[in-house]
Amino acid sequence: MATIFDIPSSDSSAFPVPQYDIADIDALPDELLSSDDVLHDVAEIEVVRHYTSLSRTNYSVDTQMYPLGSCTMKYNPKLNERIAGCDGFAGIHPLAMQARAQGALALLWELSRSLAEITGMKEFSLAPAAGAHGELTGVMIIKKYFEEKRENRRVILIPDSAHGTNPASVAMCGFEVREIPSRSDGDVDIRALASMLDAHVAAMMLTNPNTLGLFDRNILEMAKLLHSKGALFYADGANLNAVMGKAKMRDMGFDLMHINLHKTFSTPHGGGGPGSGPVGVSDELAKYLPVPVVVKDSDGYRLDYNRPSSIGRMHSFYGNFLICVRAYAYLMRLGASGIRSTAETAVLNANYLRARLKDMYNCPVDRLCMHEFVLNDKGLPNGITTNDIAKRILDYGFHAPTVYFPLHVPGAIMIEPTETESKQTLDAFAETLISIRKECDENPELVHNAPHSTPVKKVDAVRAARKPALVWKK
Ligand SMILES: *Cc1c(COP(=O)(O)O)cnc(C)c1O
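Keep in mind it's a predicted model, so treat the numbers as computed, not measured.

On to the overall build of the protein chain. Within the protein chain, the regular secondary structure consists of 14 helices and twelve strands. With respect to the three principal axes, the spread of C-alpha positions in the protein chain is 80 × 70 × 45 Å. Within the span of the protein chain, comprising 474 residues, buried residues form 50% of the whole. Taking as baseline every contact in the protein chain between residues at least 6 positions apart, the subset at least 24 positions apart corresponds to 71%. Carbon and sulfur atoms form 54% of the exposed surface of the protein chain, whose accessible area is close to 23200 Å². Distance between charge centroids for the protein chain: 8 Å, based on 49 positive and 56 negative side chains.

So, on to the site of the ligand. Lining the immediate environment of the ligand, one finds 14 residues, of which G131, A132, D236, H262 and K263 sit closest. Here a nitrogen atom of the ligand and a side-chain polar atom of H163 are 3.5 Å apart. At 3.0 Å from an oxygen atom of the ligand is found a side-chain nitrogen or oxygen belonging to N239. Within the complex, the protein chains bury 84% of what would otherwise be the 380 Å² of accessible surface of the ligand. It is helix α6 (residues 131-148) that provides the largest number of residues to the shell around the ligand, a total of three residues. A per-class count over the shell around the ligand returns three nonpolar, eight polar and three charged.

So, about the sheet that holds strand β7 (residues 279-281). Across the sheet, which stays open at both edges, the seven strands sit in the order β1-β7-β6-β5-β4-β2-β3 with mixed pairing between neighbours. This sheet does not close on itself; its edge strands, each paired only once, are β1 (123-125) and β3 (176-180). On average, each strand axis in the sheet is inclined to that of its neighbour by 25°, with strand direction left out of account. Two elements, strand β6 (residues 256-259) and β7, share three bridges in a ladder whose sense is antiparallel. Across the sheet, H258 pairs through a bridge with V279, a residue of β7. Running at roughly 140° to strand β5 (residues 232-237), helix α9 (residues 219-228) makes contact with β4 (201-207) and β5 of the sheet.

The subject of this paragraph is the pattern of salt bridges. All told, the structure shown has 28 salt bridges when counted by the stated rule. Between D187 and R217 there is a salt bridge, and its shortest N-O distance comes to 2.9 Å. On the criterion of sequence distance, the pair formed by D187 in the loop between β3 and α8 (190-196) and R217 in the loop between β4 and α9 is long-range, its members being 30 residues apart. In this structure, D427 and K423 form a salt bridge, with 2.9 Å as the shortest nitrogen-oxygen distance. Residue D427 and its partner K423 are located together in helix α12 (residues 423-442), separated by four residues, close to a single helical turn. Look at the salt bridges and you will find they share partners, linking R183, D185, D187, R217 and R367 into a network.

On to the side chain of S112, then. On the secondary structure map, S112 appears in helix α5 (residues 102-119). In this structure the side chain of S112 is engaged in a polar contact, spanning 2.9 Å, whose partner is the backbone oxygen of W109. When sequence neighbours within four positions are dropped, the list of residues in contact with S112 reads F124 and L126.

Annotation of the protein chain at the domain level lists domain 1 (78-333) and domain 2 (336-466). For domain 1 versus domain 2, the separation of C-alpha centres amounts to 30 Å. On the domain 1 side of the contact with domain 2, T211, L212 and N241 bury the most area, a combined 29% of that side's loss. We note a salt bridge from K246 to E344, for which the minimum N-O separation is 2.5 Å. Taken together, the connections running from domain 1 to domain 2 amount to seven residue pairs in polar contact (both at pLDDT 80 or more). Its residues assigned to classes, the side of domain 1 that touches domain 2 shows eleven nonpolar, twelve polar and five charged.

Conventions and cut-offs
- Residues numbered from 1 in each chain as written.
- Predicted model: local features only at pLDDT ≥ 70, side-chain atom pairs only at ≥ 80, totals over all residues.
- Heavy atoms only, no water.
- Helix = DSSP H or I, 4+ residues; strand = E, 2+ residues; numbered from the N terminus.
- Buried < 20%, exposed > 50% of the residue type's maximum accessible area, 1.4 Å probe, protein only.
- Contact = heavy atoms within 4.5 Å.
- Areas by Shrake-Rupley, 256 points an atom, 1.4 Å probe, with all protein chains shown as cover.
- Lys, Arg positive; Asp, Glu negative; His and termini not counted.
- Charge placed at Lys NZ, Arg CZ, Asp CG, Glu CD.
- Near = heavy atom within 4 Å.
- Polar contact = N/O pair within 3.5 Å; in protein donor to acceptor, adjacent residues only side chain to side chain.
- Nonpolar A, V, L, I, M, F, W, Y, C, P; charged D, E, K, R; others polar.
- Pairing = 2+ DSSP bridges.
- Axes fitted to C-alpha atoms, helices over the stretch in contact; angles between N-to-C directions.
- Salt bridge = Lys/Arg side-chain N within 4 Å of Asp/Glu carboxyl O.
- Domains from an automatic or database assignment.
- Buried area = accessible area lost by both parts, 1.4 Å probe.

Here it is in structure tokens:
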């Protein structure tokens, strides 16, 4: 693919510099005037066409289905973008006087009340900037809670089916991670949990639904076990798509949790843009939430900094406000019944695809899934691997699923269709995977050497990661 430097100079210019019409000035030193002569004069229309065609070589939710498991790459209604772009939201200064920012504060307050309603948690902080930042906030709350109780607990238990950020957040806070194994049916090995629980354990973090897309059947029992030893129960609710409007994390016995607004609640993500990972806590933990907290009293809404037990600030001002605006717009538009049917459709879509594909590919845990499910490459003929399948999917015009994650399933292919795809699209994706499965028998080289139709063909993945070419050189 050509770069802008490869386009030959044309006789017009995108930006004609006006003739110099002032008297002599001191000439710039030569080294500032030197040029590698690489930037050609290119007309504006050529610049536009070049970058537009480059953008078309990429994937996006606006162009194709994006079944990336654990990421919830769903379609985000454009209305939410319009609302976040309104002057009153986009133009408000973060230091605006609170009396003049009542609308913004009301929105934050109402959003945190909605999240509290959806999860059963008592109070929320909207400050954390992403899921992992929410985890960090949650683990800091756990730490502070035991510090105030003068209990020296330094272990946090995490199942092998957890999201990878969980152990990282725990280690960052100085806790020791101990891994709980899963059983072959995908649930946490509850006997192992019981044997690992002692007075050093501060908490357990459970990704719920777990990274196999399964709703663990022993959550109530886990909560009981943990609480009987004085430990806390943390829910990683980054992907709330399957659960919202159906069941509340607090009712299951979780003491605190985070949510990713940029997954479930309609903020486009994947390009590294801003996110939001609100943290919700039980009554008992509310006093540890980061400052400031939005409160409502007889005078209206205000930011409360007077929280002596707070873990402190986690973000400048009050988190990523416009992500909150999008989430609020999304929630208001759907309402309670819309939230519920979103969850039902997310689960239905995942199970529909699972049912269509589980006899074509190995399905390590074959049971009803939530918003996503996991296949793998076990038993594929001719040495075909998950990587080959993922690359071949690109030739059919779909984004690849998440691969080689979760780590406790070798060669995992993790598929999350989301509720926003139609049955026609789900069928087209299923037919793609079925065709590729046939190719594995009939034309394995075609699959091995994929992709064939993308601008960049099969890359040396190790070299691409270790020695990325980040600068264009002539
Ligand atoms: C995405 C995800 C996270 C991390 O969220 P970031 O916003 O990427 O930091 C944590 N847990 C689960 C289950 C996730 O899917």
